[in-house]
Amino acid sequence: MTIATVLCPVDFSEATAPLVAYAAALAAGTHAELRLLHVLEPQPVLENLPDVALAQQLAHYHALATAAGARVSTAVVHAPDVAQAIVAEARQHPADLIVIGAHGRTGLNRFLMGSTAETVVRTAVCVTLLVKSPAATPYRASA
């Protein structure tokens, strides 16, 4: 299997840096392009991340991936459903691999919020690699 494009959705949570480092290493090792994607969901104007802050966040992760040896591009899309937007991006800019983070929510939290990663894994047209977030503490609290 040849990997030309790796799609890595980023949400700017604390799990983003290790996820980007992992995806960048895969992309660099296979000489693939790494496409960092951020999906903006509709929100009240007061809660939106200012354009400058969004650009700074993307630039930070772009630099992190470039330092790891990957060829990097970035994209920002506006969509009401993050999982559908990720899958659509993988089709529109053909991705051979999606590297997506899993926040590890379980129980009631997962039921109430859903799982973007799970939906992407189920509906993507390409291979999807689910990367678990590093544990903040040695013990993980369940719901």
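Details of the structure are given in the entry above.
What you see is a predicted model; the values in this text were computed from it and never measured.

Conventions adopted
- Residues numbered from 1 in each chain as written.
- Predicted model: local features only at pLDDT ≥ 70, side-chain atom pairs only at ≥ 80, totals over all residues.
- Heavy atoms only, no water.
- Pairing = 2+ DSSP bridges.
- Helix = DSSP H or I, 4+ residues; strand = E, 2+ residues; numbered from the N terminus.
- Axes fitted to C-alpha atoms, helices over the stretch in contact; angles between N-to-C directions.
- Contact = heavy atoms within 4.5 Å.
- Buried < 20%, exposed > 50% of the residue type's maximum accessible area, 1.4 Å probe, protein only.
- Core = buried A, V, L, I, M, F, W, Y, C linked by side-chain atoms within 4.5 Å.
- Phe/Tyr/Trp six-rings, centres within 6.5 Å; stacked < 30°, edge-to-face > 60°.

Peer 1: Lay out the sheet that holds strand 5 (residues 127-132) with the relevant residues and their values.
Peer 2: Spatially, the 5 strands line up as an open sheet ordered 3-2-1-4-5, and their pairing is parallel. Two strands in the sheet have a free side with no partner beyond their single neighbour: strand 3 (71-78) and strand 5. Each strand axis lies, on average, 25° off the axis of its neighbour in the sheet, ignoring direction. Pairing between strand 1 (residues 5-9) and strand 2 (residues 33-40): 5 bridges, direction parallel. In the strand pairing of strand 2, T5 is matched with E33. Lying on the sheet, helix 2 (residues 51-67) is in contact with strand 2 and strand 3; it crosses strand 3 at an angle near 155°. Helix-sheet contacts for helix 5 (residues 116-123) involve strand 4 (97-102) and strand 5, and the interaxial angle to strand 4 is about 155°.

Peer 1: Got a sec to walk through the environment of A124? Specific residues and values, please.
Peer 2: One can find A124 in the loop between helix 5 and strand 5. For A124, a relative accessible area of 17% corresponds to the buried category. As a C-alpha pair, A124 and I86 span 38 residues in sequence and 8.4 Å in three-dimensional space. When neighbours within four sequence positions are excluded, A124 is seen to be in contact with V87 and I98.

Peer 1: Give me the lowdown on the nonpolar core, citing residues and values where you can.
Peer 2: If you look at the biggest cluster of nonpolar residues, it comprises 23 residues, and the most contacted ones within it are V6, C8, V10, L34, L36 and V99. Of all elements in the fold, only strand 1, helix 1 (16-30), strand 2, helix 2 and strand 4 reach the threshold of two or more residues within this core. Among the elements that make up this core, the one with the highest residue count is helix 1 (5 residues). Not counting residues within four places of it along the chain, the set of residues in contact with V6 comprises A27, A32, E33, L34, R35, L97 and V99. Ranked by size, the runner-up nonpolar core spans 18 residues in total, among them A75, V87, A90 and A95.

Peer 1: Residue-level account of the packing of aromatic side chains, with values.
Peer 2: Counted by the stated rule, this structure contains 1 aromatic pair. The interplanar angle of 10° and the centroid separation of 6.0 Å between the aromatic rings of F12 and Y61 together place this pair among those described as stacked. Note that F12 is positioned in the loop between strand 1 and helix 1 and Y61 in helix 2, a separation of 49 residues in sequence. On the basis of relative accessible area, F12 is assigned to the buried category, the value being 15%. Look at Y61 and you get buried, because its relative accessible area is 7%.

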